[in-house]
Amino acid sequence: MRLKLSFDLLTLELFYEETKDLILNSIVEKIYQIGNTDIFLELFSPNHGRFKLILSVHPQLYRIQITKKEFPYPVRPPSFLMLLRKHLEGGRIINYSLVPQERIVEFKIKRFPEEDKKLILELMGKYSNLILLNENHIIIDAIKHISSEVSRFREILPGISYIYPPKTQKISILDLNEERLDEILNKETSLKDVLLKEVAYMNPQLVNDLLGEKDKEKIKKRILEIREKIIKKELTPIVYFHEDEPITFSLFPLKEYETFEKKEFDKIYKAIDFVYSYAFDKTLFEQRQRRLLELVKENIRKVADKIKEFDEQIKEGEDAEKLRIKGEILLFHKDEIKKGVGKIILPNPYNFEEIVEIELDPSLSAFENAQKYFKRYKKLKRGINILKEQRQKLEDELYYLNSLEFSIENAKTFPELREIEEELEKGGYIREPKEIIYKREKRPELLKFLSSDGFEIYVGKNNKQNETLTFQIAKPEDLWLHARGIPGAHVIIKTNNEEVPENTIYEAGSLAAYFSKGRYSIYVPVDYTKRKYVNKPKGSKPGFVIYKNEKTIFTKPEDALPLLSQKS
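Residues numbered from 1 in each chain as written. Predicted model: local features only at pLDDT ≥ 70, side-chain atom pairs only at ≥ 80, totals over all residues. Heavy atoms only, no water.

Focus: the overall build of the protein chain
The following threshold applies: By the criteria applied, helices consist of DSSP H or I runs no shorter than four residues and strands consist of E runs no shorter than two, each listed in order from the N terminus. Put simply, the radius of gyration uses C-alpha atoms, and a globule should come to 2.2 Å times the residue count raised to 0.38. Throughout, exposure labels follow a simple rule: accessible area from a 1.4 Å probe, protein chains only, divided by the maximum for the residue type, with under 20% read as buried, over 50% as exposed, and the rest as partly exposed. In what follows, residue pairs with any heavy atoms lying within 4.5 Å of each other are defined as contacts. Where accessible areas are quoted, they stem from the Shrake-Rupley method and a 1.4 Å probe; at the residue level, only the protein chains shown are allowed to cover.
The number of helices and strands found in the protein chain is 13 helices and 26 strands. Computed over the C-alpha atoms, the radius of gyration of the protein chain is 35 Å, more than 25% above the 24 Å expected from 2.2 N^0.38 for a compact globule of 568 residues. Taking all 568 residues of the protein chain together, the buried fraction comes to 46%. Sequence separation of at least 24 residues holds for 59% of the intrachain contacts in the protein chain that already meet a minimum separation of 6. Carbon and sulfur atoms form 50% of the exposed surface of the protein chain, whose accessible area is close to 30700 Å².

What follows is the structure in structure tokens.
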């Protein structure tokens with residue numbers, strides 16, 4: 001289910017009320033930027049210690065957020081970040097305010113002995129912006145430049161005077177009485193559009209929930225209840241979940257999600273931090289995952305193209321047999337062929353129905369011409385063998401790249417992606433300098449399950465984990481499983497020197513099938529053998545092994561689902 005977020009005016013006003021004492025008089029110690037949209041101010045408050053203030057103009061995740069969570073940040077700072085550091089680092093926030101009835105936040109920052117600077121955050125969906133002004137309200141720079149070609153009414157460019165966006169002409173829900181509300185509800189235009197465009201404190205999520213009532217009297221009643229809650233400040237930030245993942249948050253209970261799991265917060269800034277940190281983390285993860293997938297897919301394409309080229313060269317080289325046959329024919333008829341002949345036609349001794357035309361060098365005897373054909377044959381034959389060896393190496397690399405693609409697609413966390421990224425760097429697939437610095441984080445753990453017979457089953461999630469599991473954790477008598485002939489996880493059953501029941505082997509086999517490229521097949525063949533029969537060839541790619549004394553079972557990947565419900 002898609003995440004639905006809306007940083008509306010009411011959310012902003014409540015956030016401001018909760019955080020003004022925290023942010024005011026804080027020192028700007030460090031500034032970072034992630035992507036083209038998110039600025040992180042590392043602040044120190046004399047009364048509250050250190051924290052991060054996120055100012056985001058992301059088209060979907062635009063927000064102001066307080067957090068102590070760590071995020072990966074780029075090594076090379078963008079130009080706008082360098083400018084912010086130049087003007088703001090070491091400064092103190094001497095004023096923090098909102099423009100009334102607008103989603104605009106202003107910070108006034110003093111850094112002795114320079115003039116005061118103003119940082120303005122406009123939270124307006126895809127039109128959000130972050131603008132740095134001098135004390136005369138002249139734009140020093142903005143994270144997004146808006147030229148006259150984009151907007152005739154309001155340019156945002158360095159060196160020109162800052163102009164506030166046009167004021168919204170909405171009526172506050174606090175000023176609504178029953179009569180005015182009846183007028184709005186009885187307009188002939190779309191009720192959704194009317195509520196969103198004419199009433200302040202309405203957001204798409206809340207309006208959709210209201211319109212689920214159908215009856216206008218019920219809608220009216222709920223709007224008046226919302227108005228009363230705002231006046232009395234009886235607001236409870238709620239985050240709703242679907243399958244353990246946040247999907248939205250609201251200041252009011254939403255009937256659409258009343259059957260969903262939920263979590264209530266005592267402060268709006270805490271709810272914002274919780275849900276937006278999750279959303280931003282997910283966005284960063286998906287961006288990184290997409291980039292690694294594109295890199296691996298591009299290498300898969302290149303290797304596949306090389307294999308096609310080698311196939312064509314090998315096919316051409318296989319014509320070498322014709323050269324050998326021509327040489328043998330010349331030797332067989334050497335006494336009949338006179339020197340000086342340029343071409344001869346003779347039957348193929350291996351196929352009497354075929355006539356072979358043989359080009360000759362007139363200056364050479366039949367024997368010498370035959371030797372010339374044999375020499376060319378041997379040269380091509382050696383070339384074919386080399387080509388076949390090189391082609392096999394390419395096949396191995398293609399299998400390896402497919403295993404990386406599978407691992408990237410199934411990665412769930414940044415640490416898992418980073419293990420794969422490190423592997424790509426070591427393999428020479430990533431050559432550019434590191435773009436991102438990651439905070440130190442605990443390495444991801446192997447997946448662990450318990451069979452119905454009580455045996456522990458471990459699953460690797462990428463090549464690095466597979467090798468660690470197979471060659472460091474598993475003991476010689478443990479059972480090793482892998483989907484046959486396709487990229488997938490190494491699976492180990494810890495035997496404790498006991499005989500493993502067939503049911504446990506099948507369960508581990510279903511996990512090997514599920515964590516393989518055969519996940520969506522009905523049946524997947526899975527090989528299993530004792531760990532002591534699994535070896536890694538010297539110089540082979542990460543995750544590649546050879547094994548012997550194996551047995552094969554056919555398992556259904558879907559049979560792994562009961563095990564997956566366990567907490568590993």
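Considering the packing of helix H4 (residues 191–198) against helix H5 (residues 204–211)
To keep it simple, the criterion reads: Here an angle of 0 to 180 degrees is reported between the N-to-C directions of two axes, which are lines fitted to C-alpha atoms, with helices fitted over the stretch in contact. A clockwise turn of the near helix away from the far one marks a right-handed crossing, whereas an anticlockwise turn of less than a right angle marks a left-handed crossing.
Between H4 and H5, the least distance of the axes is 10 Å, while the angle of their chain directions is 145°. Here H4 runs over H5; the crossing is right-handed. Between H4, through Leu191, Lys192, Leu195 and Leu196, and H5, the contact on the second element is made entirely by Pro204, Val207, Asn208 and Leu211.

Section: the sheet that holds strand S13 (residues 238–242)
Which entries qualify depends on this criterion: Any two strands are treated as partners once DSSP identifies two or more bridges connecting them.
Pairing in this open sheet of three strands is antiparallel, and the strands run S14-S13-S15 from one edge to the other. Of all the strands in the sheet, just strand S14 (245–250) and strand S15 (261–264) have a single pairing partner and so form its edges. Ignoring strand direction, the axes of neighbouring strands in this sheet form an average angle of 30°. Pairing between S13 and S15: four bridges, direction antiparallel. Of the residues in S15, the one forming a bridge with Phe241 is Glu261.

Observations concerning empty space enclosed by the protein
Which entries qualify depends on this criterion: Using only the protein atoms, space was sampled on a 1 Å grid; points where a 1.4 Å probe fits but cannot get out form cavities, open sets with protein on both sides within 12 Å along at least five of seven lines form pockets, and lining residues are those with an atom within 4 Å of a point. Grid points are joined across faces, edges and corners, and a volume is the space filled by probe spheres set on the points.
What the rule picks out here adds up to one cavity of 30 Å³ or more. Taken together, Ile337, Lys338, Lys339, Gly340, Val341, Leu360, Asp361, Leu364, Ser365, Ala366 and Asn369 make up the lining of the largest cavity.

Structural notes on a positive patch on the surface
To keep things clear, this is the line we draw: Here a patch means residues that are over 30% exposed by relative accessible area and free of salt bridges, tied together within 9 Å if like-charged and within 5 Å if nonpolar (Val, Leu, Ile, Met, Phe, Trp, Tyr). Any carboxyl oxygen of Asp or Glu that lies within 4 Å of a side-chain nitrogen of Lys or Arg is treated as forming a salt bridge with it. All tallies of charge rest on Lys and Arg as positive and Asp and Glu as negative; His and the ends of each chain are not included. For charged residues, the charge sits on one atom: NZ in Lys, CZ in Arg, CG in Asp, CD in Glu.
A contiguous patch of positive charge on the surface is contributed by Lys375, Lys378, Lys379 and Arg382. With respect to the helices and strands, the residue Lys378 is situated in helix H9 (residues 366–410).

Details of the nonpolar core
Filter applied, for reference: Residues enter a nonpolar core if they are buried and are Ala, Val, Leu, Ile, Met, Phe, Trp, Tyr or Cys, with the set joined through side-chain atoms within 4.5 Å.
Core analysis: the biggest nonpolar cluster contains 107 residues, and Leu53, Leu55, Ile64, Tyr96, Phe107, Leu130 and Ile173 have the highest contact counts within it. Looking at this core, the element that brings in the most residues is helix H7 (residues 268–317), giving 17 residues. One finds Phe449, Val459, Ala513 and Val524 within the second-largest nonpolar core, a separate group that totals 25 residues.

Overview of the environment of Leu293
As for its position among the elements, Leu293 is in helix H7. When the C-alpha positions of Leu293 and Phe406 are compared, they lie 9.3 Å apart, and in sequence the two are 113 residues distant. Apart from residues no more than four positions distant in its own chain, Leu293 is found in contact with Glu405, Ile408 and Glu409.

Side note on unusual backbone geometry
What is expected of a backbone is that most residues other than glycine have negative phi and most peptide bonds are trans. Of note, the amide linkage connecting Phe112 to Pro113 takes the cis form, showing an omega dihedral of 5°. Position of Pro113 relative to the elements: it lies in the loop between strand S7 (104–110) and strand S8 (117–122). Positive phi values are uncommon outside glycine, yet Lys233 reaches one of about 55°. Along the chain, Lys233 falls in the loop between helix H6 (216–232) and S13. Given the relative accessible area of 72%, Lys233 is considered exposed.

Observations regarding the sheet that holds strand S26 (residues 551–555)
Judged by pairing direction, the sheet is antiparallel, and its six strands sit side by side in the order S19-S20-S22-S21-S23-S26 without closing on themselves. At either end of the open sheet lies a strand with only one pairing partner, and these are strand S19 (447–450) and S26. Each strand axis lies, on average, 25° off the axis of its neighbour in the sheet, ignoring direction. Sheet analysis places strand S23 (residues 524–530) next to S26, joined by five bridges and oriented antiparallel.

Here's the deal with the packing of H7 against helix H10 (residues 414–426)
Formally: Throughout, the term roughly parallel applies to angles under 35 degrees, roughly antiparallel to angles over 145, roughly perpendicular to angles from 65 to 115, and oblique to all others. Gly is placed with the polar residues, together with every amino acid not listed as nonpolar (Ala, Val, Leu, Ile, Met, Phe, Trp, Tyr, Cys and Pro) or charged (Asp, Glu, Lys and Arg).
Following both chains from N to C, one finds H7 and H10 inclined at 25°, their axes separated by 11 Å at the closest point. With respect to H10, the axis of H7 lies roughly parallel. Of the two possible hands of crossing, H7 and H10 adopt the one that is left-handed. Counting all contacts with H7, which are made through Asp281, Leu284, Phe285, Arg288, Gln289, Arg291, Leu292, Leu295 and Val296, the residues of H10 involved are Phe414, Leu417, Glu421 and Leu424. Residue composition of the contact of H7 with H10, grouped by class: eight nonpolar, one polar and four charged.

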